[in-house]
Amino acid sequence: MHPRQEQLGLSEHAELLATKWLSAKKLADLSKTQGRCSDLPAWLPCTEDPLHLVGLVYKKGKFSAIEEQQLSDAIQAYKLENQIDDAGFQELVFAKNGTSKHSAFWSAITAAVPMRPIIAVYHHVRRSHHPLRAQGKWMPSEDALLTAAVLELGQQWEKVSDRVGRMASDCRDRYRNHIQNSEERAVGPWTKEEEMRLTQIVTDMTVKQGRDMDNDVFWGVVSLRMGNTRGRQQCRIKWTDSLSKTVKNHGTKPRWSSQDAYILVHKVDSLRVRDDSEIDWKTLPDPHWNLWSAHTLQRRWLTMKRSIRGYEDMSHTEILDILRLKKLHLTSSRTRAVVSAEAVEDSEDGDDAEN
């Protein structure tokens, strides 16, 4: 985005995001909307300027550690200012009549995490403070209860949650990833035939349709086309952590190299985030460096970070400084930050093959 565009309307966008309830689909549609003010919805902030040609700007993805703290501080401040105790807070957050969505509470705490939509904060806070959260491993008796509940109630997850005693999202994920079609599902290592079939299904759904093979995949549909012999989670993990990079590398399994580590460190540095929990790992690949999935990049970063003695007590900046120094054997690129593989010369050094 052009620097002037950042100045023209983001504060207005943040205010809108904290007050207007927009669905995920509406948010996505508005983020793609481009044109002059007369072309945009009347309520979408817009400044009459030739550079103001963007739609709604908002942040998505996992909440960072810093955002978690900002939300916690905002919640405590709201409780203190309005003399709300813990019981009142639970009633406010989990009100059954739905009118809580329109309360000043949600707007107030959303304002503490700029560029986050109020609907995202609403769901995040409800998950984080749910009395049924973090109950540990599912027991066979719970699986049986969940199966019976879905058979009777269908996929009405709030009602299923009341019956099972687990969060609605936990019930949904447990059923879809572990119970649904489990009698048809294979376990253990994938066969070559399965890998070929999965590759064909994913490429048919994405590459041949002009879509991204890592981020535009509907895994429930993939599982169905696999004949339900592998679940949606199995298919997603197998693709993103193994097959995707082989397909991109023309059928050869690539090796993670010191060059890749160097690029990753400098890409993370270029983001200028305060903490690595703020990183959207999907944004790191570029046209010249795209073999590795977001999950792989995050895992590789954590491995490098944890290799530093005492990293737990260091700031993100201190960790970056050490990692940059550790990668200075790529002397040809030592004088400038690297944000694309195109800017790094080939290296003969290689680390372990990515599994």
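Residues numbered from 1 in each chain as written. Predicted model: local features only at pLDDT ≥ 70, side-chain atom pairs only at ≥ 80, totals over all residues. Heavy atoms only, no water.

## Some details on the overall build of the protein chain
And step 1. Within the protein chain, the secondary structure is distributed over 15 helices and 2 strands.
And step 2. Buried residues in the protein chain amount to 41% of all 355 residues. (Helix = DSSP H or I, 4+ residues; strand = E, 2+ residues; numbered from the N terminus. Buried < 20%, exposed > 50% of the residue type's maximum accessible area, 1.4 Å probe, protein only.)

## Description of the packing of helix H7 (residues 140-153) against helix H8 (residues 157-164)
And step 1. With their axes 9 Å apart at the nearest point, H7 and H8 run at an angle of 140° to one another. Here H7 lies oblique to H8, going by the angle between them. Crossing hand, H7 versus H8: right-handed. Listed contacts from H8 to Leu145, Leu146, Ala149, Val150, Glu152 and Leu153 of H7 are Trp157, Lys159, Val160, Arg163 and Val164.
And step 2. Grouping the constituent residues of the contact of H7 with H8 by class yields 8 nonpolar, no polar and 3 charged. (Axes fitted to C-alpha atoms, helices over the stretch in contact; angles between N-to-C directions. Parallel < 35°, antiparallel > 145°, perpendicular 65-115°, else oblique. Left-handed = near helix turned anticlockwise from the far one by under 90°. Contact = heavy atoms within 4.5 Å. Nonpolar A, V, L, I, M, F, W, Y, C, P; charged D, E, K, R; others polar.)

## Details of the side chain of Ser244
And step 1. Position of Ser244 among the secondary structure elements: in helix H12 (residues 232-248).
And step 2. Look past the residues within four positions of Ser244 in its chain and what remains in contact with it is Met213, Asp214 and Trp239.

## Remarks on the packing of aromatic side chains
And step 1. Enumeration according to the criterion identifies 7 aromatic pairs in this entry.
And step 2. Measuring from centroid to centroid gives 5.5 Å for Trp21 and Tyr122, while their planes differ by 85°, and the two rings are edge-to-face. Separated by 101 residues along the polypeptide, Trp21 in the loop between helix H1 (3-17) and helix H2 (24-32) and Tyr122 in helix H6 (residues 118-128) bring together distant segments of the chain.
And step 3. Among the residues examined, Trp21 registers a relative accessible area of 23% and is labelled partly exposed.
And step 4. Residue Tyr122 is classed as buried on the basis of its relative accessible area, which comes to 7%.
And step 5. Measuring from centroid to centroid gives 5.1 Å for Tyr78 and Phe105, while their planes differ by 65°, and the two rings are edge-to-face. With a gap of 27 residues between them, Tyr78 in helix H3 (residues 65-81) and Phe105 in helix H5 (residues 104-110) connect regions that are remote in the sequence.
And step 6. Grouping aromatic residues by their ring pairs yields a cluster made of Trp21, Tyr78, Phe89, Phe105, Trp106 and Tyr122.
And step 7. Over the ring of Phe63 we find Arg116; its NZ or CZ atom is 4.1 Å from the centre of that ring.
And step 8. Residue placement shows Arg166 over the ring face of Trp138; its charged tip is 4.5 Å from the ring centre. (Phe/Tyr/Trp six-rings, centres within 6.5 Å; stacked < 30°, edge-to-face > 60°. Lys NZ or Arg CZ within 6 Å of the ring centre and 35° of its normal.)

## Comments concerning the packing of helix H10 (residues 192-205) against H12
And step 1. Two elements in contact, H10 and H12, have axes whose closest approach is 11 Å; the angle formed by their N-to-C orientations is 85°. Classified by the interaxial angle, the pair formed by H10 and H12 is roughly perpendicular. Of the residues in H12, those touching H10 at Glu195, Leu198, Thr199, Val202 and Thr203 are Cys235, Lys238, Trp239, Leu243 and Val247.
And step 2. Of the residues assigned to the contact of H10 with H12, the class counts are 6 nonpolar, 2 polar and 2 charged.

## Brief notes about the pattern of salt bridges
And step 1. One pass over the full model with this rule turns up 19 salt bridges.
And step 2. Glu67 is the salt-bridge partner of Arg116, the closest N and O atoms lying 2.9 Å from each other. Separated by 49 residues along the polypeptide, Arg116 in the loop between H5 and H6 and Glu67 in helix H3 bring together distant segments of the chain. By the burial criterion, Arg116 is buried, and Glu67 matches it.
And step 3. One network of salt bridges, in which partners are shared, links Asp269, Arg272, Asp321 and Arg324. (Salt bridge = Lys/Arg side-chain N within 4 Å of Asp/Glu carboxyl O.)

## Notes on the confidence of the model for the protein chain
And step 1. When the pLDDT values of the protein chain are averaged, the result is 81; 81% of them are 70 or greater.
And step 2. Mean pLDDT values over the elements of the protein chain span from 41, in strand E2 (residues 350-353), up to 95, in H10.
And step 3. Confidence drops under pLDDT 50 across residues 1-8; counting only partners more than four residues distant or on other chains, this segment forms 12 contacts.
And step 4. The model gives residues 48-53 a pLDDT under 50, and that stretch makes 18 contacts with residues more than four places away or in other chains. (pLDDT = per-residue confidence, 0-100.)

## Structural notes on unusual backbone geometry
And step 1. In this model, Gln83 sits at a positive phi of 50°, which is unusual for a non-glycine residue.
And step 2. Residue classification places Gln83 among the exposed residues on the basis of a relative accessible area of 75%.
And step 3. Phi at His250 takes a positive value of approximately 60°, unusual for a residue other than glycine.
And step 4. Inspection of the secondary structure assignment puts His250 in the loop between H12 and strand E1 (255-257).

## Considerations on the environment of Lys305
And step 1. Of note, Lys305 is situated in helix H14 (residues 294-306).
And step 2. Those residues in contact with Lys305 that sit more than four places away from it in its chain are Asp276, Tyr311 and Ile319.

## A word on the environment of Cys235
And step 1. On the secondary structure map, Cys235 appears in helix H12.
And step 2. Residues within four places of Cys235 in sequence aside, it is in contact with Trp190, Leu198, Trp219, Val222, Ser223, Met226 and Arg230.

## Structural notes on the nonpolar core
And step 1. Counting residues in each nonpolar core, the largest one holds 27 residues, and the members touching the most others are Phe105, Trp106, Ile109 and Val125.
And step 2. Elements represented by at least two residues in this core include exactly H1, H2, H3, helix H4 (86-93), H5 and H6.
And step 3. One finds Ile279, Trp289, Trp301 and Leu323 within the second-largest nonpolar core, a separate group that totals 19 residues. (Core = buried A, V, L, I, M, F, W, Y, C linked by side-chain atoms within 4.5 Å.)

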